[in-house]
Amino acid sequence: MMQTTEVGGGQDAEAHVLAELVGGTQLITLNRPERLNAWNAPMRARLVALLLQANADPAIGAVVLTGAGDRAFCGGQDLNEGRTFDGARAEAWIEEWRRLYGTIRRFEKPLVVALNGLAAGSAFQAALLCDVRVGHAGSRMGQPEINSGMVSATGFWILREMLGLARATEMALTGRMASAEEAHRLGLMHHLVPAAEVRAKALEIAAELAAKPPLAFRLTKRRICAATQAAFDETIEAARLLHREAFDSGEPQRVMERFLARQKQ
């Protein structure tokens, strides 16, 4: 059974973040394929609202998060939005990430990502905060923020938690994208399947996890979140200060403008 879910956030956000119920699993789809599903503030707010609703709804046993099209799960931050920031807006922007990342971290039901293509920057980070990641041979993952003039603050911390200091440093400073094979080998991607099977595999895993004893599952996730909460809070505070300094300098905006100009050529 499929059923459309409506949550506020504005018409554009509703069109750009779709939700449907597939059995007992809510399938949330980032839907801006012409922009590699890059997200902006209204999309992030709608995603938070959908996750909060799913967490509270007894009819929803799990969530699968994916992207529209065959190129990208999500290209990360929409640079058309980011290039307009000043230091004060950058601080507010980090608070938006605190809310989204915090909502993902505190989500007490299964949260599986179906990586239908690349996951870059903040989308890579959000995927890593979820429980299980399923991708295919074209599902590249990475932290290219430095190449767009942005500080890798939250991304570096999440990578360090996953991979250790040496690999996190290399990926944050180079901004390179890892192949699906490398991501799978490093444990960043749990399941590597043919492209046509990614969504079905993610839904299958979500249903399997939803069948676990619910209290044990919920309390285990609560403990996983609590074990890293102090470091998460410190990272968000550092990100707020670092992005304020960076955007006050004007460097990120200039780099984004050059990147967007090249894209139009």
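The rules behind these values
- Residues numbered from 1 in each chain as written.
- Predicted model: local features only at pLDDT ≥ 70, side-chain atom pairs only at ≥ 80, totals over all residues.
- Heavy atoms only, no water.
- Helix = DSSP H or I, 4+ residues; strand = E, 2+ residues; numbered from the N terminus.
- Rg over C-alpha atoms; globule rule 2.2 N^0.38 Å.
- Buried < 20%, exposed > 50% of the residue type's maximum accessible area, 1.4 Å probe, protein only.
- Contact = heavy atoms within 4.5 Å.
- Areas by Shrake-Rupley, 256 points an atom, 1.4 Å probe, with all protein chains shown as cover.
- Lys, Arg positive; Asp, Glu negative; His and termini not counted.
- Charge placed at Lys NZ, Arg CZ, Asp CG, Glu CD.
- Core = buried A, V, L, I, M, F, W, Y, C linked by side-chain atoms within 4.5 Å.
- Disulfide = S-S within 2.5 Å.
- 1 Å grid on protein atoms, 1.4 Å probe; cavity = no way out; pocket = protein on both sides within 12 Å on 5 of 7 lines; lining within 4 Å.
- Points joined across faces, edges and corners; volume = space filled by probe spheres on them.
- Nonpolar A, V, L, I, M, F, W, Y, C, P; charged D, E, K, R; others polar.
- Axes fitted to C-alpha atoms, helices over the stretch in contact; angles between N-to-C directions.
- Parallel < 35°, antiparallel > 145°, perpendicular 65-115°, else oblique.
- Left-handed = near helix turned anticlockwise from the far one by under 90°.
- Expected span 1.5 Å × (residues − 1).
- Pairing = 2+ DSSP bridges.

Novice: Residue-level account of the overall build of the chain, with values.
Specialist: A count of helical and extended segments in the chain gives 12 helices and 11 strands. The C-alpha radius of gyration of the chain comes to 18 Å, within 12% of the 18 Å expected for a compact globule of 265 residues. Principal axes of the C-alpha set define a box for the chain whose edges measure 50 × 35 × 35 Å. Relative to its full complement of 265 residues, the chain shows a buried share of 51%. Contacts spanning at least 24 positions in sequence make up 72% of the contacts within the chain whose residues lie at least 6 apart. Approximately 11900 Å² of the chain is accessible, and the part contributed by carbon and sulfur atoms is 55%. Averaging the positions of the 31 positive and the 30 negative side-chain charges in the chain gives two centres separated by 2 Å.

Novice: Can you explain the nonpolar core? Please cite residues and give values.
Specialist: The biggest cluster of nonpolar side chains holds 59 residues, and the ones touching the most others in it are Trp39 and Phe73. Residue contributions to this core peak at seven residues, all from helix H4 (residues 87–106). Leu27, Ala62, Val132 and Phe217 belong to the second largest nonpolar core, which has 15 residues in total.

Novice: Would you mind going over the state of the cysteines in detail, with residue names and values included?
Specialist: Covalent bonding between the sulfur atoms of two cysteines defines a disulfide. Per the counting criterion, the structure on display carries zero disulfides. Cys74 takes part in no disulfide bond, and the closest cysteine sulfur, belonging to Cys130, lies 12 Å away. In this structure Cys225 is a free cysteine whose sulfur lies 13 Å from that of Cys130, the closest cysteine sulfur available. What makes Cys225 buried here is its relative accessible area of 10%.

Novice: Go over empty space enclosed by the protein, please, and point to the residues and values.
Specialist: Applying the stated criterion to the full structure yields one cavity of 30 Å³ or more. By volume, the largest cavity amounts to about 80 Å³. Looking at the largest cavity, it is lined by 13 residues, and the ones nearest its centre are Trp97, Gln125, Glu145, Thr154 and His243. Counting only elements with at least two residues in the lining of the largest cavity, the list comes to H4, helix H5 (122–129) and helix H6 (154–163). A total of four residues in the lining of the largest cavity trace back to one element, the largest contributor, which is H4. A per-class count over the lining of the largest cavity returns six nonpolar, six polar and one charged.

Novice: Quick one: what's the story with the packing of H4 against helix H11 (residues 229–249), residue by residue and with numbers?
Specialist: Packed helices, taken two at a time, are described by their axes: the angle between them and the distance between them. Interaxial distance between H4 and H11 falls to 8 Å at its minimum, and their mutual angle equals 155°. As summarised for this structure, H4 and H11 are arranged roughly antiparallel, according to the angle between their axes. Relative to H11, H4 is oriented so that their crossing is right-handed. Residues Gly87, Ala88, Ala90, Glu91, Trp93, Ile94, Glu95, Arg98, Tyr101, Gly102 and Arg105 of H4 form the contact with H11, whose own contacting residues are Gln229, Phe232, Asp233, Ile236, Ala239, Arg240, His243, Arg244, Phe247 and Asp248. A per-class count over the contact of H4 with H11 returns nine nonpolar, four polar and eight charged.

Novice: Tell me about helix H12 (residues 251–264), residues and numbers included.
Specialist: Helical periodicity: at 3.6 residues per turn, an α-helix aligns residues three or four positions apart in one direction. Between its first and last C-alpha, H12 extends 20 Å over 14 residues, near the 20 Å set by a 1.5 Å rise per residue. Its buried side turned inward, H12 meets helix H3 (79–82) and H11.

Novice: Break down the sheet that holds strand E5 (residues 72–74) for me, citing the residues and quoting the values.
Specialist: Reading across the sheet, the four strands line up as E5-E7-E9-E10 and stay open at both edges, with mixed pairing between neighbours. Because the sheet does not close on itself, it has two edges, and the strands there are E5 and strand E10 (177–178). As defined by bridge partners, strand E7 (residues 118–120) adjoins strand E9 (residues 141–142) across two bridges and the pair is classed as parallel. Within E9, the residue paired with Ala119 across the bridge is Met141.

Novice: Break down the layout of surface pockets for me, with residues and values.
Specialist: When its volume is computed, the largest pocket comes out at roughly 690 Å³. Counting residues per element, the ones that place at least two in the lining of the largest pocket are H3, E7 and H12. Looking at the lining of the largest pocket, the element that brings in the most residues is H12, giving five residues. A class-by-class count of the residues in the lining of the largest pocket yields 10 nonpolar, nine polar and eight charged. If you add up the space inside the second largest pocket, you get close to 410 Å³. Lining the second largest pocket are 16 residues; nearest its centre among them are Leu128, Leu129, Cys130, Met162 and Ile224. Residue assignment for the lining of the second largest pocket shows that the elements contributing at least two residues are H4, H5, H6 and helix H10 (214–227). Sorting elements by how many residues they give to the lining of the second largest pocket places H6 first, with four residues.

Novice: Account for the packing of H5 against H6, naming residues and giving values.
Specialist: Packing of H5 against H6 leaves a shortest axis separation of 10 Å and a crossing angle of 40°. Note on packing geometry: the crossing formed by H5 with H6 is left-handed. Contact residues: Phe124, Gln125, Leu128 and Leu129 in H5; Thr154, Gly155, Ile158, Leu159 and Met162 in H6. Residue classes in the contact of H5 with H6 are distributed as six nonpolar, three polar and no charged.

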